[in-house]
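Single-letter residue listing:
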Amino acid sequence: MHAQTKQPTLAESYARLKTERPQLRVREAAKELGVSEAEVVEAEGAQRLRPDWAALLERMPALGRVMCLTRNEVCVHERHGCYEKVEIHGGMGLVLGPDIDLRLFLRRWASGFACPQNLHSGTRQSLQFFDAAGVAIQKIYLTDDSDAQAYAELLKTFVEPDAPPLAIQASPARPADKPDVEIDAAALKRDWEGLRDTHDFYGLLNKHKVSRTQALRLAGAPLAVKMNPGITAEMLGTVSANDEPIMAFVGNPGCIQIHTGRAKKIAAKNGWLNVLDEQFNLHLREALVAQTWLVRKPTEDGVVTALELFDKDGELVVQFFGKRKPGVPERQSWRELLGRLATEFNAHA
């Protein structure tokens, strides 16, 4: 009889991958290994956190300056700053500081870890949170300006040494769009034209039972105009040159992360369009952007204009706005910029 070959553990398989390809990121390694990112993080020895997300997040301001990372399959958003003005309302969380600006959908949060990562420069500490499918929701990295003692105290409170085994569930399938003939496009457009706040757009979609991209397509110009993809790089290059402040929203089902301010250092490399500023980084994988739309929404403060990018499944991956606050009209310079680019990059022109 032949001795049965011992199968490598997940930790051993990941260690081999890291040795062979040191630059491989955990997310990509998980795909190659056929498991979730959360499973790889756990196998590498990260410590599970007690899932009292509200209490944990309320402790974040004590850490001082950190780097927050929120991403989806197409876009990565990194922002340095302090957790400030943390508000938890049931399953909804808000972080409303001038640098770290988040919308947190805590019912999507299933697991969290304290993750030390060994680098040539030393050990980098982070807190990482995942949904039920083991997909990353948000990662919070300590920096040289973080309070290491506050982090140690946080771990004493929230590390759960006897946590149950990680249970991974399949991601829910995206529901199919209703046939266009079942949607009253004229009523959809009337309700869109009657919007008084950008946040009311979600209610509009629910009322008419349409997906976001379906609503854009059915409403049509001037409310929604499909763009050629090159508009994004041109927009970022122009706002950099003009010192035009913008807002960049990147999210996933558990978190939306927002940057408000300048985007100065723009660089394209290896298929990624990047903003590489000291306090704000954005990385957009251009080949995975399937649809780009210029979107206009009426509000009590006037029309608000956005550039919205979607993946192949119709999921929103990033939105760009001109810098604004509720009660303040949109910057005319931003509106004129997108108006000019819309003429140049109109997909149907």
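The rules behind the values
Residues numbered from 1 in each chain as written. Predicted model: local features only at pLDDT ≥ 70, side-chain atom pairs only at ≥ 80, totals over all residues. Heavy atoms only, no water. Helix = DSSP H or I, 4+ residues; strand = E, 2+ residues; numbered from the N terminus. Axes fitted to C-alpha atoms, helices over the stretch in contact; angles between N-to-C directions. Left-handed = near helix turned anticlockwise from the far one by under 90°. Contact = heavy atoms within 4.5 Å. Nonpolar A, V, L, I, M, F, W, Y, C, P; charged D, E, K, R; others polar. Core = buried A, V, L, I, M, F, W, Y, C linked by side-chain atoms within 4.5 Å. Buried < 20%, exposed > 50% of the residue type's maximum accessible area, 1.4 Å probe, protein only. Pairing = 2+ DSSP bridges. Salt bridge = Lys/Arg side-chain N within 4 Å of Asp/Glu carboxyl O.

### A word on unusual backbone geometry
At step 1: That bond from Ala 221 to Pro 222 is cis: its omega, 0 degrees, falls within 30 degrees of zero.
At step 2: Checked against the element boundaries, Pro 222 lands in the loop between helix 8 (212–219) and strand 10 (224–227).
At step 3: Phi at Lys 85 is positive, roughly 50 degrees, even though this residue is not glycine.
At step 4: Within the element layout of this structure, Lys 85 appears in the loop between strand 3 (75–82) and strand 4 (86–89).
At step 5: In the Ramachandran plot, Lys 209 falls in the positive-phi region, its phi being about 55 degrees despite a non-glycine side chain.
At step 6: With respect to the secondary-structure elements, Lys 209 resides in the loop between helix 7 (201–208) and helix 8.

### Re the packing of helix 9 (residues 231–242) against helix 10 (residues 332–345)
At step 1: Following both chains from N to C, one finds helix 9 and helix 10 inclined at 145 degrees, their axes separated by 11 Å at the closest point. Helix-helix and strand crossings are classified by hand; for helix 9 and helix 10 the assignment is right-handed. Along its contact with helix 9, which presents Ile 231, Glu 234, Met 235, Thr 238 and Val 239, the element helix 10 presents Trp 334, Leu 337, Leu 338, Arg 340, Leu 341, Ala 342 and Phe 345.
At step 2: Broken down by class, the residue content of the contact of helix 9 with helix 10 amounts to nine nonpolar, one polar and two charged.

### Some points on the nonpolar core
At step 1: Core analysis: the biggest nonpolar cluster contains 30 residues, and Met 235, Leu 282, Leu 284, Val 318 and Phe 320 have the highest contact counts within it.
At step 2: Counting only elements with at least two residues in this core, the list comes to strand 10, helix 9, strand 11 (246–252), strand 14 (272–276), strand 15 (280–285), strand 17 (304–310), strand 18 (316–322) and helix 10.
At step 3: Those residues in contact with Val 318 that sit more than four places away from it in its chain are Cys 75, Phe 249, Val 250, Leu 282, Leu 284, Leu 307, Glu 308 and Leu 309.
At step 4: Counting 28 residues, the second largest nonpolar core, distinct from the first, contains Tyr 83, Leu 127, Phe 129 and Leu 142.

### Digging into the pairing of strand 15
At step 1: By the criterion of burial, strand 15 is predominantly enclosed, with five of the six residues buried.
At step 2: Bridge count for strand 3 against strand 15 is five bridges, and the pairing is antiparallel. Among the inter-strand pairings, Arg 79 is bridged to a residue of strand 15, identified as Phe 280.
At step 3: Judged from the five bridges that link them, strand 14 and strand 15 form a sheet pairing that is antiparallel. Bridged to Leu 273 within strand 15 is Leu 284.

### Focus on the pattern of salt bridges
At step 1: Taken as a whole and judged by the stated rule, the model has 26 salt bridges.
At step 2: One salt bridge in this structure joins Arg 21 and Glu 32, with 2.7 Å as the shortest N-O distance. Taken together, the residues span a long stretch of sequence, with Arg 21 in the loop between helix 1 (10–20) and helix 2 (26–33) and Glu 32 in helix 2 at a distance of 11 residues.
At step 3: When its relative accessible area of 36% is taken as the criterion, Arg 21 is described as partly exposed.
At step 4: On the basis of relative accessibility, which here comes to 45%, the residue Glu 32 falls in the partly exposed class.

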